[in-house]
Each structure stands twice: as structure tokens, then as C-alpha cells.
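Tertiary structure, described
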Amino acid sequence: QMMKFAWDNYKQYALGKNELRPLTKNGHIGNMFGGLRGATVVDALDTLYIMELEEEFQEAKKWVEKSFDLNVNGEASLFEVNIRYIGGLLAAYYLTGEEVFKSKALELGEKLLPAFNTPTGIPRGVINLGRQDTWSWGWASAGSSILAEFGTLHLEFLHLSELSGNPVFAEKASISQVMNIRKVLNRVEKPQGLYPNFLSPVTGNWVQHHVSIGGLGDSFYEYLIKSWLMSDKKDSEAKKMYDDALEAIEKHLVKKSAGGLTYIAEWRGGILDHKMGHLACFSGGMIALGAEHAGEERKQHYMDLAAEITNTCHESYTRSDTKLGPEAFRFDAGTEAMATRLSERYYILRPEVVESYMYMWRLTHDPKYRQWGWEVVKALEKHCRVEAGFSGIRDVYTTTPTHDNMQQSFFLAETLKYLYLLFCEDDVLSLDDWVFNTEAHPLPVNH
Ligand code: DMJ
């Protein structure tokens, strides 16, 4: 019902725009997708399908067939286009077998290739899909590329390559290009075994020593373990990179607060910032997923770590008045799992905490994860549901929150999908047969 409500309102007030603005009842286009439209349609396709919202799925499919225009100009984020559009189209294709999704994914994938034309092959973050020129984000240090962006292409590009059957495309886009990213990363020296977030696509060296398992770093780690799983456990290079990275993270960034909460701090040139972003809360699920496949002696250890981190993220929700968690929470000066800055108190319908609940449920069947998920459902209904859709809120610490007037497309792609899967049988998108891309779009394991 939540999904139907979110979709129906998007359809009524914003179909073809990227997101719904549920208070003003209109659409939002934004500037992340380079002129591409319908981010919510493409992000919602697979969720509608697995929830058996047949009529709504057909509406979304029809929009892709009739109105989804790829001949656009504008500044697009390579990362966002890949995880939302390519991921969404690929998943819709694999679930339904409908050719339209495959052909749109391949056509769009081709348009992203020029981003890889750099001296190192590490792609730049921004691309004009029409003119095909590329550049780095103005805000990223000294023209650098971002770890979580160039490190979050592998799953989708491997599938593009496989589906295209076009050797030129395959050679350019996928196998060699995304493998080349790993080569550069394996060559460069890593401080204490950690991966900083900014790398120069020209020299292949780090530009700044900021390390984070949250924003700017997050899905790079996620894609290492998932690349290995998607390869049916054959991609041992990815597994080793994941194991080594996690070991370094545990050694240098994982801390326990005075109150006994385990968290993952950020690292700035050797100095710890005792802060965890909402984005970093995906890591409970990731570590649990990896633990399943760790050696016998490490398995329980990583399951415990995953449970502790998920518990900390749950605490960040329970300590707020709305029972939704802030964008970032801290562990310093007597603070435990709460935001200390006004600018970090908002919640924009993000999925990472329920994502970890879903993995923890599937991997342990401890009923508390379903209870925690239900707490989120109730809080969303109470504080984020407005007349025409769901909206983010500006302050989780007040029960009369101000709404931000934005129904993010990842709310339909991820938050609602993970909540649904948390309450389904385990064989609905079984973790043995599917990996979820970082936007929760399921891609099949290569058995
Ligand atoms: C999503 O687009 C993806 O989960 C991404 O990896 C991080 N940010 C948002 C959701 O918070």
C-alpha cells in the first residue's frame, strides 16, 4: 500500500519528471541525470513488479516504451545514471525478459563510455550524454574522481557486456574498463591498507587522505563483495580486495563508544572523526553478507560485528523523537548515536538502515529485525506520509517536523523494496540467486 500510494501520487502529479514534490504536488527534475527524465519510473519498475502491482508496472513500462528519451544534453553523474537507470533497466529486463528494458540499458550504457577516456582509465564523474564530453565534479579536490563513484560500476557493466554480445562494447565498456579500475587501485599504495575517497584520473594517485565507509566511499566496498558473489564466487580478486579492505577498516576505523555501541568512524589523514553517516549504515548488511563466506573462524566474528553495527544504527533511530534516524550521528563529547549539528538532523527517506535489517533478518532470522523494520514503517506513515506521497523531514528530533517536499526515487527503489523483502519468504529474490546493486536493483548471479 505504501508503494502504491507513492507511485500513484508520482504518476498523478509528476509522471515523467525525476521525482515527486508531494507537498506542492508537482514534479522535480534536478540536475543529476543530464537531461534524462523519469528517474522514479525506472527506479520503481522492479519494485512494482515484485510486489505484483501489475497495473502500475504496466504504466511504468509504457512510459519507458513511449516517453523515455535518451537523446538528451546536460550534466549527468556517471554514478547516478549507472546505479539508478542502468541498474533499474537491467533488473527490469532480468525479471520480465522484456526486450525494451535491455535495449534501453545497452543504448544508455554506450553513452557513458567516453567517461573512461582518461590517462588512467579511471572515469571522470560527470558526462554530457549528448556532447559526450566529460569532467570532474567542481567540488571534488583537484579534479579527482570519487571512490564510491568509479568503484560502483562493476556489477552493471559486467551485465551490459554480457547482454550486448558486442565485442567492441564489451571490450570498451566493461570487462577491460572496470577491471582496469581495479588494476589502478591495486597498484597505488594504500595508507594503512585503507582506500581514500579521492583519486586523480590523470596520475592514478590519491588526492586527499579522507577515508569513509559512508558517503564518498560506501558502495566501493559493497561492490567488491557483491562482484565476487555475482561471479558465483569465482572473482577471487574482488574477494581478496574486500577481505583486505575490511580488515584495515576494522583495525583503524571500528570503535566502541563509552556506552558500548560499535560504530565506524571516518579518517582524515590519520585523525579519526567519530561520526557515522546514515549512508554508512548499509555496512551492517554488507558485513553480514560477507561473513557468510568468511572462513569458519572469522564467520561468527563478522556476524557479531554486523549485528553490533546494525544495532547502533537502530539506536540512532530509537533515540530520535520521530523514530527515524538523522543524516549523521556522532560519538563525542558525551553524545552517543545522535546528531549534534542542526545540519545533520534531517532524514530524506534513505534506505540504508532497513537494508541492513533485511540482510540481518535473512541471514539470522532473529525476529528483532522484523520488529525494527515495523518501527520504521510506523514512523514513515506517521511523519513522512503527506497528502500526496511521502516526504523527507528536516529534523528527526521533533514530532512536528517540517517536510522537505521531496519523494526521492530511491524511496521506491530501495526503502520500500527492502521493507517488503524483510517481511517476505526468503525465496523472493533469494540471496543465493540475486545480488542487489547499490540502488537495490536485483541482478542475477552468474551460476
Ligand atoms: C542511493 O542512491 C544509493 O543507495 C546510493 O548507494 C547511496 N545513496 C542513495 C540512498 O541513500
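Within every chain, residues take consecutive numbers counted from 1 along the sequence as written. In keeping with the model being predicted, local features are shown solely for residues with a pLDDT of at least 70 and side-chain atom pairs are shown and tallied solely at 80 or more, while totals for entire chains, interfaces and linings include all residues. Values reported for side chains reflect all heavy atoms of the structure, with hydrogen atoms and water molecules removed beforehand.

Under the convention used in this document: UniProt positions are given in the numbering used here, feature names are shortened, and annotations may be inferred rather than shown by experiment.
If you look the protein chain up in an unreviewed UniProt entry, it shows as alpha-1,2-Mannosidase from Phaethon lepturus. For the record of the protein chain, the UniProt heading Subcellular location (unreviewed entry) holds the text "Endomembrane system". Database annotation for the protein chain, UniProt heading Pathway (unreviewed entry): "Protein modification; protein glycosylation."

**What about the state of the cysteines?**
Selection rule: By convention in this document, the label disulfide applies to cysteine sulfur atom pairs within 2.5 Å. Each helix is a run of H or I in the DSSP string that is no shorter than four residues. Each strand is a run of E no shorter than two, and both are numbered from the N terminus. Throughout, exposure labels follow a simple rule: accessible area from a 1.4 Å probe, protein chains only, divided by the maximum for the residue type, with under 20% read as buried, over 50% as exposed, and the rest as partly exposed.
Here the structure, examined in full by the defined rule, presents 1 disulfide. At a sulfur-sulfur separation of 2.1 Å, the disulfide partner of cysteine 281 is cysteine 313. When the S-S torsion is -90 degrees, as for the bridge of cysteine 281 with cysteine 313, the disulfide is left-handed. You can see cysteine 281 sitting in the loop between strand 14 (275-277) and helix 11 (283-291) and its partner cysteine 313 sitting in helix 12 (residues 296-318), a full 32 residues away along the chain. Judged by its relative accessible area of 1%, cysteine 281 is buried. On the accessibility criterion, cysteine 313 (1% relative accessible area) is buried.

**As for the UniProt feature "binding site: Ca(2+)" (unreviewed entry) in the protein chain**
Keep this limit in mind: Note on contacts: a residue pair is in contact if any heavy atoms of the two residues lie within 4.5 Å.
Sequence positions flagged by UniProt for "binding site: Ca(2+)" (unreviewed entry) are, in local numbering, Thr438. Considering the arrangement of structural elements, one finds threonine 438 in the loop between strand 18 (434-436) and strand 19 (442-444). By relative accessible area, threonine 438 is classed as buried at 14%. Once residues lying within four places of it in the same chain are set aside, the contact partners of threonine 438 are Phe79, Ile83, Thr152, Ser219, Glu222, Tyr223 and Glu414.

**A closer look at the pattern of salt bridges**
Put simply, the test is: One speaks of a salt bridge when a side-chain nitrogen belonging to Lys or Arg is within 4 Å of a carboxyl oxygen belonging to Asp or Glu.
Following the criterion strictly, the structure yields 28 salt bridges and no others. Its salt-bridge partner being arginine 319, residue glutamate 315 comes within 2.9 Å of it at the nearest N-O pair. Residue class for arginine 319 comes out partly exposed when judged on its relative accessible area of 31%.

**Details of the sheet that holds strand 4 (residues 126-128)**
Selection rule: Strands are labelled as partners when DSSP assigns at least two bridges between them.
Reading across the sheet, the 3 strands line up as 3-4-5 and stay open at both edges, with antiparallel pairing between neighbours. Unpaired on one side and paired on the other, strand 3 (75-77) and strand 5 (134-135) mark the two borders of the sheet. As judged from the 3 bridges shared by strand 3 and strand 4, these two strands associate in the antiparallel manner. Bridge pairing links alanine 76 to isoleucine 127 in strand 4.

**Structural notes on the nonpolar core**
Rules: Only buried Ala, Val, Leu, Ile, Met, Phe, Trp, Tyr and Cys residues count toward a nonpolar core, and they belong to the same one when joined by side-chain atoms within 4.5 Å.
Membership of the largest hydrophobic core comes to 146 residues, with the highest contact counts inside it found for Leu36, Tyr221, Leu324 and Leu380. Among the elements that line this core, the one with the most residues is helix 4 (residues 78-96), at 11 residues. Every residue in contact with leucine 324, bar those within four places of it in the chain, is listed here: Ser316, Tyr317, Tyr347, Val376, Ala379, Leu380, His383, Cys384, Ile393 and Val396.

**Details of the site of the ligand**
What counts is decided by this rule: Note on terminology: near, applied to a residue and a molecule or strand, indicates that one of the residue's heavy atoms is within 4 Å of it. Any N or O atom pair separated by 3.5 Å or less is treated as a polar contact, with the protein-specific requirement of one donor-capable and one acceptor-capable atom, and with residues adjacent in sequence counted only for side-chain atom pairs. Here the Shrake-Rupley method, with its probe set to 1.4 Å, supplies the accessible areas, and only the displayed protein chains count as covering residues. Gly is placed with the polar residues, together with every amino acid not listed as nonpolar (Ala, Val, Leu, Ile, Met, Phe, Trp, Tyr, Cys and Pro) or charged (Asp, Glu, Lys and Arg).
The environment of the ligand is formed by Ile83, Arg84, Leu279, Arg350, Pro351, Glu352, Phe410, Glu414, Thr438 and Glu439. A distance of 2.7 Å is found between an oxygen atom of the ligand and a side-chain nitrogen or oxygen belonging to arginine 350. Take threonine 438: an N or O atom from its side chain is 2.8 Å from an oxygen atom of the ligand. For the ligand, the protein covers 92% of the area, taking 300 Å² as the surface of the free molecule. Elements with a minimum of two residues in the shell around the ligand: helix 4 and helix 15 (409-422). Looking at the shell around the ligand, its residues break down into 4 nonpolar, 1 polar and 5 charged.

**Points about the sheet that holds strand 8 (residues 206-208)**
As a general point, the strands of a sheet are linked pairwise by backbone hydrogen bonds and lie either parallel or antiparallel. Read from one edge of the open sheet, 3 strands run 6-7-8, paired in antiparallel fashion. Every other strand in the sheet has two partners, leaving strand 6 (145-146) and strand 8 as the edge strands with one partner each. Examined bridge by bridge, strand 6 and strand 7 (residues 198-199) share 2 bridges and lie antiparallel to one another. Bridge pairing in strand 7 links serine 145 to leucine 199.

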